[in-house]
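Chain and residue survey
Listed below are the residues making up each chain.
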Amino acid sequence: MLDVRHLTYTTVDGTTLLKDISFQVAPKAIVTLMGPSGSGKSTLLRTLNRLNEPAPGTVWLKERDITTIPVVELRRAVGMVFQSAALFDGTVADNVRYGPALLKQRLSDAECVALLAQVGLPAELLERNIGLVSGGQAQRVAFARALANQPSVLLLDEPTSALDPAATLMIEQLVRDLRDRLGLTFVWVTHNVAQARRVSDRTLLLVNGIVADWGDTGHLLDDTHHDLVQRFALGEDVSQLPVQPGGPHANP
Amino acid sequence: MPILSGLDALPRVLAALVLVIVAAGIAWWQKVDLERDIGVATVRSFVQLIAIGYILEAVFDTTNPLFIVLILMVMTTIAGYTAGQRGAGVPNARLVAGVAIAAGTLVTLGLLVGLRVFRFEARLIIPIGGMVIGNAMTTCGLVLARLRDEIKTTRTQIEAALALGATPRQSVAGQLRRVLKSGLLPVIDSTKIVGIIQLPGTMTGMILGGATPLAAVQTQIIVLYMLLGAAAFSALATALLGYRGFFSAAYQVQHVPQ
Ligand SMILES: Nc1ncnc2c1ncn2[C@@H]1O[C@H](COP(=O)(O)OP(=O)(O)OP(=O)(O)O)[C@@H](O)[C@H]1O
Ligand SMILES: [Mg+2]
């Protein structure tokens, strides 16, 4: 579905934030990106829908170089949910209708209610002002807003880091559910190792902009060869440790 | 008529200097540390105004329209530069401001001359143009500063909109509306209360110069509508040109000040 090949990302002021990143995301997979704060997880995620500009030929969506896809088309196919729900002023309905309205399509109330139902929100929330919804509900509205575009991939940037444990588990359940029911593919940034274990098929550990490890989540967390992942899981500051680019089994 | 005849009021000007001394005295007494600034402002305004007086004396006699246009262009450039500094942080702020002020001035003066409200004469167009440009400059600076702040504080929402497939223009639609509103409100408010709180500049000047209040009022009304039009047009041009620099060709947010 998504294919990242030797992606290097350098900011305008010349800082290299990502170095030679490669990984693949299969259709209907849930892939988590883990790593210490400042390791470049958000930067990497944002290159996948071109909020950050990747070099041509480094990010591929269904065998197409994303820099050759019209950017509006790309972003409708690859949706994003942010850490702060980043809702627009107005009602829940205003938010859910936003994406289709950009194409001059107006979602009916019934269609909006159906989208809310998909994310487990009741119909009476539709006309509620976004100032009056809880954090967990706001994050669900953000999911509904993204789903209204009928994307095939969703990028999640720490969507649960501001939520309590119960709301967090509900979002995790929602994501698995969307994958199973709608066949969506997810790339999920999280610093929470337990969460990665609960939700993801594969995990990428990013340290200082380098792929420190990449593979099956359970394997990475349990197999003793994956020392860095396990030290990260134990709360160690792995950004100070030497990294073998590509992970312990990569051929240098 | 000898040019110097216009300066026979100089003794009165010097008498008014007493007020400056009072101001400087207050500043010194209250230790606000502004005596130097007051001194500089006094000398600068004196020199600038005397100089402009001589220039206007000379210019008002010209009939060459190109010369009038040239002077308006110089004023616009300076105004664009000043407004641009107000909006520092907006990419190409000075250029945006210059173009927007020029557009607002062109449209407003063009309409007034086209509708034969004013004749295209130096002694009319230059002071009127000056008012229009000065007013547009204030509005423009306000719009640019507000635009920068709006984009800075709502960056997350803007990126959320882009991530949903919005074009840059769509992603800042609400922001532009708020920016325009806040840029225009001061002009609208001062137009609303005109004559009640204070007599506006044109009227005051005309009455001091000996015109009847009714004659002064007629001119003032034209001037007010003109300034309102120029402000609205320049504000719109500023907002519509100004936001563009914050977006790359691939619809990414860029150059947002920290
Ligand atoms: N435009 C930029 N210019 C320069 N440096 C940047 C820019 N954007 C981000 N950075 C820096 O790049 C590094 C990676 O940032 P990023 O937000 O991707 O980290 P992260 O892994 O998502 O961290 P967190 O877990 O705290 O969200 C940080 O040190 C950040 O300060
Ligand atoms: Mg981040």
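All of the points below concern the structure found in this document. (Residues numbered from 1 in each chain as written. Chains lettered and ligands numbered in written order. Predicted model: local features only at pLDDT ≥ 70, side-chain atom pairs only at ≥ 80, totals over all residues. Heavy atoms only, no water.)

Take the environment of Val253 of chain B next. All names here are of chain B. Looking at the secondary structure, you find Val253 in the segment after α10 (213-242). For the pair Val253 and Ile158, spaced 95 residues apart in sequence, the C-alpha separation works out to 8.2 Å. Beyond its immediate stretch of four places on either side in the chain, Val253 contacts Arg155, Ile158, Glu159, Leu162, Phe246 and Phe247. (Helix = DSSP H or I, 4+ residues; strand = E, 2+ residues; numbered from the N terminus. Contact = heavy atoms within 4.5 Å.)

Residue and element names in this part refer to chain A. Within the secondary structure, Thr217 is located in helix α8 (residues 217-222). Note on Thr217: relative accessible area 1%, which makes it buried. Of note is the side chain of Thr217, whose polar atom sits 3.3 Å from the backbone nitrogen of Arg202. (Buried < 20%, exposed > 50% of the residue type's maximum accessible area, 1.4 Å probe, protein only. Polar contact = N/O pair within 3.5 Å; in protein donor to acceptor, adjacent residues only side chain to side chain.)

A word on the sheet that holds strand β1 (residues 2-10) of chain A. All names here are of chain A. If you trace the 4 strands from one edge of the open sheet to the other, you get β2-β1-β4-β5, paired in antiparallel fashion. The open sheet is flanked by β2 (16-25) and β5 (64-65), the only strands paired with a single partner. Strand direction decides the pairing type here: strand β4 (residues 59-61) and β5, joined by 2 bridges, are antiparallel. Paired with Leu61 across the two strands is Arg64, which belongs to β5. (Pairing = 2+ DSSP bridges.)

So, about the interface of chain A and chain B. Taken together, the contacts link 24 residues of chain A with 17 residues of chain B. Carbon and sulfur atoms supply 58% of the area that chain A and chain B bury against each other, a total of about 1,600 Å² over both sides. Three residues, Leu51, Arg75 and Leu102 of chain A, lead the burial of chain A against chain B; their summed loss comes to 31% of the area buried on that side. Taken together, the connections running from chain A to chain B amount to 1 salt bridge. Our count for the contact surface shared by chain A and chain B stands at 8 residue pairs in polar contact (both at pLDDT 80 or more). Here the side of chain A that touches chain B takes 4 residues from helix α2 (residues 71-77) of chain A, the largest share from any one element. The residue inventory of the side of chain A that touches chain B, partitioned by class, reads 12 nonpolar, 5 polar and 7 charged. (Buried area = accessible area lost by both parts, 1.4 Å probe. Salt bridge = Lys/Arg side-chain N within 4 Å of Asp/Glu carboxyl O. Nonpolar A, V, L, I, M, F, W, Y, C, P; charged D, E, K, R; others polar.)

Quick look at the sheet that holds strand β10 (residues 210-216) of chain A now. Across a sheet, strands are paired by hydrogen bonds formed along the backbone, either parallel or antiparallel in direction. All names here are of chain A. With mixed pairing, the 6 strands of this open sheet are ordered in space as β6-β7-β8-β3-β9-β10. Two strands in the sheet have a free side with no partner beyond their single neighbour: β6 (78-81) and β10. Neighbour-to-neighbour, the strand axes of the sheet open up by a mean angle of 15°, direction not taken into account. Both strand β7 (residues 153-157) and strand β8 (residues 185-189) contribute to a ladder of 5 bridges, which runs parallel. Counted as the bridge partner of Val153 is Thr185 from β8. The strands touched by helix α1 (residues 41-48) within the sheet are β3 (30-34), β6, β7, β8 and β9 (202-207), with β7 carrying the most contacts at an inclination of about 160°. Against the sheet, helix α6 (residues 165-182) contacts β3, β7 and β8, and its axis sits at roughly 155° relative to β8. (Axes fitted to C-alpha atoms, helices over the stretch in contact; angles between N-to-C directions.)

This next bit is on the side chain of Ser200 of chain A. Residues and elements named next belong to chain A. Within the secondary structure layout, Ser200 lies in the loop between α7 (193-199) and β9. Of the residues examined, Ser200 reaches a relative accessible area of 9% and is grouped as buried. In this structure the side chain of Ser200 is engaged in a polar contact, spanning 2.7 Å, whose partner is the backbone oxygen of Ala196. The residues touching Ser200, leaving out its near neighbours within four places in the chain, are Ile30, Val31, Thr32 and Thr217.

Before going further, it helps to examine empty space enclosed by the protein. A complete count under the given rule lists 1 cavity of 30 Å³ or more for this structure. Met80, Val81, Phe82, Ala142, Arg145 and Ala146 of chain A together with Ala160 and Leu164 of chain B together form the lining of the largest cavity. The set of elements that each furnish at least two residues to the lining of the largest cavity consists of β6 and α5 (135-147) of chain A. The biggest single contributor to the lining of the largest cavity is α5 of chain A, with 3 residues. Counted by class, the lining of the largest cavity contains 7 nonpolar, no polar and 1 charged residues. (1 Å grid on protein atoms, 1.4 Å probe; cavity = no way out; pocket = protein on both sides within 12 Å on 5 of 7 lines; lining within 4 Å. Points joined across faces, edges and corners; volume = space filled by probe spheres on them.)

Quick look at a nonpolar patch on the surface now. Residues and elements named next belong to chain B. A grouping of Leu10, Val13, Leu14, Leu17, Val43, Phe46 and Val47 is seen on the molecular surface, where their side chains present a nonpolar patch of about 570 Å² in accessible area. Looking at the nonpolar patch, the elements with two or more residues in it are α1 (10-29) and α2 (35-59). Sorting elements by how many residues they give to the nonpolar patch places α1 first, with 4 residues. Within the secondary structure layout, Leu10 lies in helix α1. Residue classification places Leu10 among the partly exposed residues on the basis of a relative accessible area of 30%. (Patch = residues over 30% accessible without salt bridge, like charges linked within 9 Å, V, L, I, M, F, W, Y side chains within 5 Å. Areas by Shrake-Rupley, 256 points an atom, 1.4 Å probe, with all protein chains shown as cover.)

All names here are of chain A. All residues adjacent to ligand 1 are Thr11, Leu17, Pro36, Ser37, Gly38, Ser39, Gly40, Lys41, Ser42, Thr43 and Glu158. Residue Gly38 places a main-chain N or O atom 2.8 Å away from an oxygen atom belonging to ligand 1. Looking at the shell around ligand 1 residue by residue, the class counts come to 2 nonpolar, 7 polar and 2 charged. (Near = heavy atom within 4 Å.)

Look at any regular strand and the pattern is simple: side chains alternate between the two faces of the sheet. All names here are of chain A. Side-chain alternation along β6 places Val78 and Met80 on one buried face and Gly79 and Val81 on a second face that is also buried. Bridging between β6 and β7 involves 4 bridges; their strand directions are parallel. From the neighbouring strand, Val78 faces β7, where its bridge partner is Val153.

A few words now on unusual backbone geometry. All names here are of chain A. Unusually for a residue other than glycine, Ala86 sits at a positive phi of about 55°. Under the relative-accessibility criterion, Ala86 is labelled buried at 6%. The phi dihedral of Gln150 is positive, around 50°, even though this residue is not glycine. Along the chain, Gln150 turns up in the loop between α5 and β7. Note on Gln150: relative accessible area 71%, which makes it exposed.

Remember that the coordinates give geometry; whether it matters functionally is a separate question.
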